[in-house]
Amino acid sequence: MSGKADPRAAGEGTTTSRQRLDRGRGALGPALELVHTGRAPTRAVLTAELGVTRATAGAVAAELEALGLIRVDARPGAAAGSQGRPSHRLAVAEDGPVALAAQIHSDGFRAALVGLGGRIVATAPGCETVDADPAKVLASVVEAGAALLRETGRRCVGAGLAVPSAVTEPEGLALNPLHLAWPAGAPVREIFAEQVRAAGIDGPAFAANDVNLAALAEHRHGAGRGARDLLCVATGHRGVGGALVLDGRLHTGSSGLALEVGHLTVNPEGRPCHCGSRGCLDVEADPLALLTAAGRAPGPEVSLLQQAEDLVRSDYADPAVRTAAEELIDRLGLGLAGLVNILNPDRIILGGLHRTLLAADPDRLRAVVADRSLWGRSGGVPILACTLDHNSLVGAAELAWQPVLDDPLAALA
Ligand SMILES: [Zn+2]
């Protein structure tokens, strides 16, 4: 206990700050999550959200500050709290601990340090090629992250990895890294954890699918905030992924493999897919599909995602580009409509090239989804763009932050 108890608590009988904290220990995690997700900007809001006394909320905030996780403004700001009462402002600590986040995609990898609040503190330049041996790639990305930790001198709470593959639970195997040359079933979580340990980095290590992690990050810090049944569909650099966040938690199914939306059939006569089927969303609505439909040969200079997004943004007046984009929008809409019928989400967010297609013609996409879905027709499901840069990286960091959010004292002891 830091001893920075709320001075207004002085009138509350003989309760000591130690007793208040014992009572408040169970509130540390929920309190941290409220500050982390921006839902408790002041101590007055924190008190109301936790449903505890002002004294307990004060002790909890002071303890989180003593752990170096948040900052409590020493002087109450005017009219910042409920009913206009002045209240101490709360914010994540600018110089607090960080999580090491790593992302592998078909065009390279990237490492970053991410603080509370989903703030990217530092990033290492991405690499352009991915070795066929997962151990080599993961060693490189962990080394890049370790260098960032050395440069910044930050404490690390753990490490999270995002990969473009379904990841089995609880084993942590990358089951279908279709756009990497990795063997199917590579034990990525174990390899990543070994590399993290070998680099001398503290804390546990986690791995999950990149679109799942993007959805988790958007739910906590971006376009998904406040949604109860959030559906996220996005292209990576290749292929299409999906994720569902229910009541704040990722729905990953019985063994981690739920929401493999890339293999919904949206064009029965369409292109052959790597999964053995034909006309899947994965091959009908990804960056390569757009470039091919527009008659553009993909170049080696920048990623396929970048080339496809640039094409839609700058050449939409070109009839060939517009026709190709409309074809993709219609197929994406067909896939989304099927998901709306099954999942009844209260919000859909789109990432990667799908975000760019939504921006190019939002009315067309929304009309296709409404026309083709029962629940979409009745009320109209909001379809929004993802708003975070590097949402998969931020989501990878969320995995590493989770033990701290669950029990800050135990995780940081
Ligand atoms: Zn497929």
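Further up the page is the structure itself.
Figured I'd write up the structure that's included with this text. (Residues numbered from 1 in each chain as written. Predicted model: local features only at pLDDT ≥ 70, side-chain atom pairs only at ≥ 80, totals over all residues. Heavy atoms only, no water.)

1. Re the coordination of the zinc ion
At this site the zinc ion is bound by His263 (ND1), Cys273 (SG), Cys275 (SG) and Cys280 (SG), with donor distances of 1.9 to 2.3 Å. Its four donor atoms give the zinc ion angles of 106 to 120° at the centre, a pattern that matches the tetrahedral case. In terms of primary sequence, the donors binding the zinc ion are separated according to H-x9-C-x1-C-x4-C. Separated by 10 residues along the polypeptide, His263 in the loop between strand E10 (249-250) and helix H7 (281-284) and Cys273 in the loop between E10 and H7 bring together distant segments of the chain. (Donors = N, O, S within 2.8 Å, 3.2 Å for Na, K, Ca; no water. Tetrahedral: all angles 85-135°; square planar, octahedral: opposite > 155°, others 65-115°. Helix = DSSP H or I, 4+ residues; strand = E, 2+ residues; numbered from the N terminus.)

2. Looking at empty space enclosed by the protein
Considering all chains together, one arrives at three cavities of 30 Å³ or more under this definition. Contributing to the lining of the largest cavity are 25 residues, with Pro164, Asn209, Val240, Gly241 and Glu260 lying nearest its centre. Counting residues per element, the ones that place at least two in the lining of the largest cavity are helix H6 (210-221) and strand E9 (240-246). Here the residues of the lining of the largest cavity sort into nine nonpolar, 12 polar and four charged. Per-domain counts for the lining of the largest cavity show at least three residues from each of domain 2 (98-212 + 392-412) and domain 3 (225-387). (1 Å grid on protein atoms, 1.4 Å probe; cavity = no way out; pocket = protein on both sides within 12 Å on 5 of 7 lines; lining within 4 Å. Points joined across faces, edges and corners; volume = space filled by probe spheres on them. Nonpolar A, V, L, I, M, F, W, Y, C, P; charged D, E, K, R; others polar. Domains from an automatic or database assignment.)

3. A few points about the sheet that holds E10
Across the sheet, which stays open at both edges, the five strands sit in the order E10-E9-E8-E11-E12 with mixed pairing between neighbours. The sheet terminates laterally at E10 and strand E12 (383-385), the two strands that pair on one side only. Two strands pair when backbone bridges link them, and strand E11 (residues 347-351) and E12 are joined in this way by three bridges, in the parallel orientation. Bridging across to E12, Ile349 finds its partner in Leu384. Running at roughly 155° to strand E8 (residues 229-235), helix H10 (residues 319-343) makes contact with E8, E9 and E11 of the sheet. (Pairing = 2+ DSSP bridges. Contact = heavy atoms within 4.5 Å. Axes fitted to C-alpha atoms, helices over the stretch in contact; angles between N-to-C directions.)

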